[in-house]
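Listed here are the chains, written in short residue letters.
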Number of protein chains: 4
Amino acid sequence: MPLSTLRRTSVDLVPRGQHQGFTEEAVRDRRNWVERKTQVKLTHISSFAIPCSNFAGKIENPIGVAHVPLGIAGPLRVKGEFACGTFYVPMAANEGALVRSYERGMVALTRSGGVSARVHVDRNQICPAFSFPDVHSACEFARSLPLHFEQIRLQAESTTRHGKLESIDCYPAGRQVMARFLYSTGDAHGMNMIVRATDRACKWIVQNTSATEYLIFSGLEAEKRASGLLFAGGKGKKVIAGASLPAAIVKNYLHVSPEQMCALWRRTVIGNMHAGALGYCGHFANGLTAIFIACGQDVANVVNSSIGITEFELTAAGDLFASVTLPSLTVATVGGGTGIGTGRECLGLLDCCGSSKSRKLAEIIAAALLAGELSMGAAIAGGEFVSAHEEYGRNRPE
Amino acid sequence: MPLSTLRRTSVDLVPRGQHQGFTEEAVRDRRNWVERKTQVKLTHISSFAIPCSNFAGKIENPIGVAHVPLGIAGPLRVKGEFACGTFYVPMAANEGALVRSYERGMVALTRSGGVSARVHVDRNQICPAFSFPDVHSACEFARSLPLHFEQIRLQAESTTRHGKLESIDCYPAGRQVMARFLYSTGDAHGMNMIVRATDRACKWIVQNTSATEYLIFSGLEAEKRASGLLFAGGKGKKVIAGASLPAAIVKNYLHVSPEQMCALWRRTVIGNMHAGALGYCGHFANGLTAIFIACGQDVANVVNSSIGITEFELTAAGDLFASVTLPSLTVATVGGGTGIGTGRECLGLLDCCGSSKSRKLAEIIAAALLAGELSMGAAIAGGEFVSAHEEYGRNRPE
Amino acid sequence: MPLSTLRRTSVDLVPRGQHQGFTEEAVRDRRNWVERKTQVKLTHISSFAIPCSNFAGKIENPIGVAHVPLGIAGPLRVKGEFACGTFYVPMAANEGALVRSYERGMVALTRSGGVSARVHVDRNQICPAFSFPDVHSACEFARSLPLHFEQIRLQAESTTRHGKLESIDCYPAGRQVMARFLYSTGDAHGMNMIVRATDRACKWIVQNTSATEYLIFSGLEAEKRASGLLFAGGKGKKVIAGASLPAAIVKNYLHVSPEQMCALWRRTVIGNMHAGALGYCGHFANGLTAIFIACGQDVANVVNSSIGITEFELTAAGDLFASVTLPSLTVATVGGGTGIGTGRECLGLLDCCGSSKSRKLAEIIAAALLAGELSMGAAIAGGEFVSAHEEYGRNRPE
Amino acid sequence: MPLSTLRRTSVDLVPRGQHQGFTEEAVRDRRNWVERKTQVKLTHISSFAIPCSNFAGKIENPIGVAHVPLGIAGPLRVKGEFACGTFYVPMAANEGALVRSYERGMVALTRSGGVSARVHVDRNQICPAFSFPDVHSACEFARSLPLHFEQIRLQAESTTRHGKLESIDCYPAGRQVMARFLYSTGDAHGMNMIVRATDRACKWIVQNTSATEYLIFSGLEAEKRASGLLFAGGKGKKVIAGASLPAAIVKNYLHVSPEQMCALWRRTVIGNMHAGALGYCGHFANGLTAIFIACGQDVANVVNSSIGITEFELTAAGDLFASVTLPSLTVATVGGGTGIGTGRECLGLLDCCGSSKSRKLAEIIAAALLAGELSMGAAIAGGEFVSAHEEYGRNRPE
């Protein structure tokens, strides 16, 4: 079928509007166009207070905003390197009992003296792939790339003020070589920054080595994908949060014994292994998603950020030591949805707006997730899961 | 440390307010309390039009809503069993170029005649675990459970009008037995429904068999967790969408040849294998998250829903056959955030409000994801990824 | 380059010899040819007592046998459904301390009263893939295949007396459909049997449905490959073995406390999760390989057979409950290397020769692996790993 | 139950014999003991020519040897960095058609000009775990360990002449820290060497840092376990082998077209993804096991060595480019079963005896596996799998 024929098919494109479509008029006109097209009245979508010019760089073809109910959970006492104090965490979701469950864990943790939290490493990665005519030249390239590191670094960093190229590891496979570029990116999520920097470096590599071509993404980078290699790190912040909870608090606030929590852990680890799960957790995804939506994060990052491990351990004193390890938490306090509207307000609640705050945010999130793991774990171990959900509206009998 | 001492520590709880805290006053008072506490003015969070009573069952401690910029991508022609027609897909995100990228793929697919989509299975699962004194009695239980199926089914279905228990598979491990309860759940996501039903069944089982106790979740259910077992199905809908794109359209709309797309696929499959990724995709998470936020879904389900496979294949005629296979897409058109506010409006744009619509929604989402895979794949294969992002604002030089 | 040129290159083929090369002369002549070619004298390779005709169907181009040192570990008391009694297990390996380590665990288990073992399921699978022109017809096929089950079963079973086709599950992906054929295969490993049967069935399917072609293996079957889906079963026997060990025995024979074993388990589970391991074990591969080589098994099956889970648990009484769960143990007591030479003799030691014995063998192997898990776990938990290995010769200081 | 009671149970231990049981008499007496115990005559097990003293350090409680039929496959032309020439590869197995299948691929590769092979990295790892009282001190330790590297290296290397400690990476998780010790180990497999070295280092660390205790294995090392992290390397040699096969050779020797091979690859990649396989291959385990048994390797290493990727690609000229990537091939040419008996003879056939030969062996094995992937792939793609197996005896109709 010739293209001319194909083009004759009428295709009704979304109107872009004038001035790139980010004026109040363009947004309204587009919304009206959609309303006419679908016969749906868009009342709620048009309920927002930011100027439409703010949509630029965040969304195309804007017609308004999506709303997600926002609650607040706390108090959560965090004893981190960057986050020190008591926090009230904004969470956006459409799932009854979620905020109440996290809140319960937060109170138990705060009563226990708070959560110790640390960011172990903080960097981002992108892994382009280079092509070669044969295995021999691919391996030769992989061996010799370190010799060019300084030149490649200069190329990469010429495109950015904030990104620093820290190292490159080569992974030859067949006759291609995947190269893992590791960067520090300051407080930005930095994916766009390092893509641009690496693209520049790749162009230099193809011109100056035996590589015949490159793909800017090889798949090895595990961007927004669930990958086991994330445990070895490289995509965002590795954060750990832990706390010791006295048996009396576990009993009074979570209605179970430390022994029951440990038995739950042991048994459900088996279930997760059978499922072929990456790592182990109760429901990292719930807390991460709720906080990410509230705080203007790139929510799709939940997929890599939710890879991690929860651990419950009985201490010699009979208390419960609980921790979460998150090897790939990708959060930002500048860029994306962090600087305007509800994202900025929610970050403000945590005193996490702007530069030098992303590690603080990471520590708070890890502590919040620990609360959620404790609370849900206790609900399951204690047999209260169903009754708790019925009380908070998710499980009202039909 | 005695509990009495622990309790003496002052802990400043979030005010619940009167009437369970879901009146306009309670929400406003709570918001004001947060503002005072944090010295942050919450202007945007209070910009919404739904009555506060609507928050009940969706969020606790509500203070307002989170906003996510909403754009519209299309046209997307779908030739499904349930979704037949041309759609404009609402997507909410804070990531420039995302909507434009999906739109590009949608137009190419529509020009190619549209996307064939099918829901292969539609069910939900929950996997409780039962304890036994030894391996022998655990295996005995696993063997004999099928004999009790009818009684168990009656127990489970006594709690729900919509959930139907289809089968139970037993997975003994050590001296526990995990049992996989498979349900059809109609148009609801149904997790709460089947948790309650299964909880009832478990109580019966513990009373009537040698099982000594149960956990309502064993971990095997892979709820909101990235698990390889999801490919074998059971958590939500298995949906497949595919299309054949003429080489001329691939070239004109995506700026690459079908051969380039297939080479990209082959090479990045290797990268994903090295990363230990579950399945293979370009960026399912981006499209899923954007549509889930827009359409009032339980967004944390992105973690299981994004497990899947994208495939690009060169046809004998030199065209491109592209498909996505999503074994665990969990979407709903009733319950949660689907019935009110922006969620309902966005579902309305797709004619997916209310009962009998969840499979239609699943087919549309699968087709939209295919568009995103094509567009991002082409941007990488054609070397246009960086320039495209700079044009749409994500990658503006610093 | 034309083939005629390529063929001109001299290529020195291994001599096949007369009568298909399985006479004493042919084997000797071939060995002599190899000796001349490589200037290596093959004294040990020619030390064996079976007639060379026995090599037929087991190896091609035979030149003799490989030797692996064979030791005996026991006593191991097993309380299975098929294996009841005390066994001495033959193990072949080149790794000092291995037999001693397994033996230590076996004695501790026997002193504790023995190992409870059960075969939960026993079947084998093969998963061909069928091609279709589009997604629609692939899904249609997947839905309608159950209707043809009886005809397909007749085709498949027409080629075998022992294999019984139990079910077929369809997994559509893109425009192909993978179908999982599950068989019971009696005491044979049965892979060849079910390949042939399924091949016949596939031919019928291509002739009688819309499938355009098939591949006899789709990859889904996980034959001799490490795959997470093996936990859901289908490839061989699912076997579970467990035992309760009194604290005094753990202390006296393994030199650790039950608490130390449980702490080891908890901590190394974390390590295995970080490594992206499938399941959890200490060293299943060691015991499996040693027993498989001894007992004439298809040793490559160790790759799928070693996927499983070891569990250590502290009982309420302060004892240690330990178990292994092996979802995909593929063993045979007929066919392959089980009927002749050392394989037959070793199976004889376990009274596992010939038909009706494969489940007994599976239970013994599971019990033996449990012994190895206990012993190695204790060596690590108690800090004796290095000294134990030095005593038994592996770690003699250089 | 008191231990005294437990001990009263009669337990019949395997007789150790005099002089540690490695004399001819001790082996014979033990074999006789087993024969009496089981009423099985052990004729074949006693057919071997090495002196029994050779069993020391390789097996305990020896009673003889296990035999595995040994064939020879070739010619295989390898163009490696260490292996250059034409090889005849010894393979031990009980599986008809296996040697013939590998041989077919070897001839096709040799006719195509041979296989390019390279060892990219060559090192071994062990990952102990250290305990801490809380998250804070664990992270502090992980940060500061690099400062002590030189002292730790001195401790570790004090126990070995051949092992060199190259680096240590820390992976904190909860309140423990796993540390990955990377060593170069010369031609030995080196696991015992580096265990001893690391044990010494760990003792120093516990004495000189805040670590309270250590486990010599954390699980992260992936020793003889199927783990996704092996793709990132560290356990043995990363080897790559590839070749370009002219279409005419593919057609004449493998009976398929390059296009068919690529279609097979694409389709079965999907199947492997569905199965949750680590990487992708046809049957690495078959070739690895057969060569490992023949060459006196530690056969249990097949489990980690078989993790890898096979790739088939259509070249611009219409030929087939095929490769295998093996990130974790653990082979040795000194120690274990490599220095005596059939192991030494088989290594001799490849000119791989003794020091400075392990990389050569690795390159030959990778090339041999490539042959197996081509041959089996072609048998499946061309529909000849069943008929080929019937010809070589595996599939003789019952």
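Our subject in this report is the structure included herewith. Just so we're clear, the structure is a prediction, and the values are computed from it rather than from any experiment.

Turning to empty space enclosed by the protein, a few remarks are in order. Within this model, the largest cavity holds a volume of roughly 580 Å³. Along the wall of the largest cavity there are 43 residues; nearest its centre are Leu278(A), Gly276(B), Leu278(B), Leu278(C) and Leu278(D). Counting residues per element, the ones that place at least two in the lining of the largest cavity are helix H8 (258–274) of chain A, helix H8 (258–274) of chain B, helix H8 (258–274) of chain C together with helix H8 (258–274) of chain D. It is H8(B) that contributes the most residues to the lining of the largest cavity, four residues altogether. Each residue belonging to the lining of the largest cavity can be placed in one class, and the counts come to 26 nonpolar, 17 polar and no charged.

It is worth spelling out the interface of chain B and chain A at this point. The partner chain A presents 141 residues to the 141 residues of chain B that form the contact. Counting each side, the surface lost to burial between chain B and chain A is near 11800 Å², with a carbon and sulfur contribution of 59%. Counting the contacts that link chain B with chain A gives six salt bridges. One salt bridge in this structure joins Glu103(A) and Arg16(B), with 3.6 Å as the shortest N-O distance. At 13 residues, strand S1 (residues 62–80) of chain B tops the list of elements feeding residues into the side of chain B that touches chain A. Considered class by class, the residues forming the side of chain B that touches chain A number 72 nonpolar, 43 polar and 26 charged. Across nine bridges, the pairing between strand S1 (residues 62–80) of chain A and S1(B) is antiparallel.

In this structure, the amide linkage connecting Gly74(B) to the following residue, Pro75(B), adopts the cis form with an omega of 0°. Its identity is not glycine, yet Asp351(A) carries a phi of approximately 50°, on the positive side. By secondary structure assignment, the location of Asp351(A) is in the loop between helix H11 (341–349) and helix H12 (358–381). Even without being a glycine, Lys224(C) presents a positive backbone phi close to 60°. As for its position among the elements, Lys224(C) is in the loop between strand S7 (214–215) and strand S8 (236–245).

We now examine the pattern of salt bridges. Using the criterion set out here, one finds 91 salt bridges over all chains in the structure. Its salt-bridge partner being Glu35(C), residue Lys41(C) comes within 3.5 Å of it at the nearest N-O pair. The exposed category is assigned to Lys41(C), whose relative accessible area is 62%. Among the salt bridges present, the one from Lys237(D) reaches Asp122(D), with a minimum N-O distance of 3.3 Å. Here Asp122(D) lies in strand S3 (residues 115–126) and Lys237(D) lies in strand S8 (residues 236–245), a separation of 115 residues in the sequence. Overall, Lys237(D) belongs to the buried group, its relative accessible area being 3%. Overlapping salt bridges bring together Arg175(A), Arg266(B), Glu311(D) and Glu313(D) as one network.

Turning one copy of the chain about an axis and sliding it along that axis gives the other copy, so a rotation and a shift relate them. If you rotate chain B by 180° and push it 0.0 Å along the axis, it lands on chain A with an RMSD of 0.0 Å. Here the copies are linked by what is in effect a two-fold axis. With an isologous cut-off of 70% or more, the 99% of interface residues of chain B that recur at the interface of chain A puts this contact in the isologous class.

Attention now goes to the interface of chain D and chain C. With 142 residues of chain D in contact, the opposing surface of chain C contributes 141 residues. Linking chain D with chain C are six salt bridges. Between Lys224(D) and Glu95(C) there is a salt bridge whose closest N-O contact spans 3.2 Å. Put simply, chain D and chain C have 54 residue pairs in polar contact (both at pLDDT 80 or more) between them. It is strand S1 (residues 62–80) of chain D that provides the largest number of residues to the side of chain D that touches chain C, a total of 13 residues. Per-class residue counts for the side of chain D that touches chain C are 72 nonpolar, 44 polar and 26 charged.

Attention now goes to the packing of helix H5 (residues 149–157) of chain C against helix H6 (residues 191–208) of chain C. When two helices pack together, their arrangement is given by the angle between the helix axes and by the axis-to-axis distance. Residue and element names in this part refer to chain C. In contact at an axis separation of 7 Å, H5 and H6 are set at 135° when each is read in the N-to-C sense. When the interaxial angle is binned, H5 and H6 end up oblique. H5 and H6 meet at a crossing whose hand is right-handed. For the pair formed by H5 and H6, the contact residues are Gln 151, Ile 152, Gln 155 and Ala 156 on the first element and Ala 197, Arg 200, Ala 201, Trp 204 and Ile 205 on the second. Among the residues forming the contact of H5 with H6, the class breakdown is six nonpolar, two polar and one charged.

Now for the packing of aromatic side chains. Tallied over the entire structure, the rule returns 30 aromatic pairs over all chains. Pairing Tyr88(A) with Trp33(B) gives two aromatic rings, centres 5.1 Å apart and planes at 90°, and the pair type is edge-to-face. With Tyr88(A) in strand S2 (residues 84–92) and Trp33(B) in helix H2 (residues 24–38), the pair connects residues from two separate chains. Judged by its relative accessible area of 6%, Tyr88(A) is buried. Ring geometry for Phe130(A) against Phe141(A): centres 5.4 Å apart, planes inclined by 50°, an arrangement best described as tilted. Of the two residues, Phe130(A) is situated in strand S4 (residues 129–131) and Phe141(A) in helix H4 (residues 135–144); the sequence distance between them amounts to eleven residues. Judged by relative accessible area, which is 0%, Phe130(A) ranks as buried. For Phe141(A), a relative accessible area of 3% gives the class buried. Following the ring pairs from residue to residue traces out a cluster consisting of Phe130(A), Phe132(A), Phe141(A) and Tyr214(A). The side chain of Arg175(A) reaches across the aromatic face of Phe321(D), ending 4.0 Å from its centre.

What follows covers the pairing of strand S3 (residues 115–126) of chain B. Residue and element names in this part refer to chain B. Most of S3 sits inside the fold, with ten of its twelve residues counted as buried. Alignment of S3 against strand S8 (residues 236–245), held across seven bridges, turns out to be antiparallel. Along S8, the bridge assignment pairs Val 121 with Lys 238. In the sheet, S3 pairs with strand S6 (residues 176–184) via three bridges, with the strands oriented antiparallel. The residue of S6 that forms the bridge with Gln 125 is Leu 182.

Turning to its location among the elements, Thr325(B) is positioned in strand S11 (residues 320–329). Looking at Thr325(B), the relative accessible area reads 1%, which means it is buried. From its side chain, Thr325(B) meets the backbone nitrogen of Gly174(C) in a polar contact 2.8 Å long. Contact partners of Thr325(B), with chain neighbours within four places excluded, come to Lys238(B), Val239(B), Ile240(B), Gly308(B), Ile309(B), Pro172(C), Ala173(C), Gly174(C) and His274(D).

So, on to the environment of Lys164(C). Residues and elements named next belong to chain C. When you line up the elements, Lys 164 lands in strand S5 (residues 164–173). Overall, Lys 164 belongs to the partly exposed group, its relative accessible area being 39%. Setting aside its immediate chain neighbours within four residues, Lys 164 contacts Glu 157, Leu 182, Tyr 183 and Ser 184.

All names here are of chain D. Strand direction decides the pairing type here: strand S5 (residues 164–173) and strand S6 (residues 176–184), joined by nine bridges, are antiparallel. Counterpart to Lys 164 in the pairing with S6 is Ser 184. Once S5 ends, the chain turns through two residues before running back antiparallel as S6, passing Gly 174 with a positive phi of about 60°.

Calculation rules
- Residues numbered from 1 in each chain as written.
- Chains lettered and ligands numbered in written order.
- Predicted model: local features only at pLDDT ≥ 70, side-chain atom pairs only at ≥ 80, totals over all residues.
- Heavy atoms only, no water.
- 1 Å grid on protein atoms, 1.4 Å probe; cavity = no way out; pocket = protein on both sides within 12 Å on 5 of 7 lines; lining within 4 Å.
- Points joined across faces, edges and corners; volume = space filled by probe spheres on them.
- Helix = DSSP H or I, 4+ residues; strand = E, 2+ residues; numbered from the N terminus.
- Nonpolar A, V, L, I, M, F, W, Y, C, P; charged D, E, K, R; others polar.
- Contact = heavy atoms within 4.5 Å.
- Buried area = accessible area lost by both parts, 1.4 Å probe.
- Salt bridge = Lys/Arg side-chain N within 4 Å of Asp/Glu carboxyl O.
- Pairing = 2+ DSSP bridges.
- Buried < 20%, exposed > 50% of the residue type's maximum accessible area, 1.4 Å probe, protein only.
- Least-squares fit on C-alpha atoms with pLDDT ≥ 70 in both.
- Polar contact = N/O pair within 3.5 Å; in protein donor to acceptor, adjacent residues only side chain to side chain.
- Axes fitted to C-alpha atoms, helices over the stretch in contact; angles between N-to-C directions.
- Parallel < 35°, antiparallel > 145°, perpendicular 65-115°, else oblique.
- Left-handed = near helix turned anticlockwise from the far one by under 90°.
- Phe/Tyr/Trp six-rings, centres within 6.5 Å; stacked < 30°, edge-to-face > 60°.
- Lys NZ or Arg CZ within 6 Å of the ring centre and 35° of its normal.

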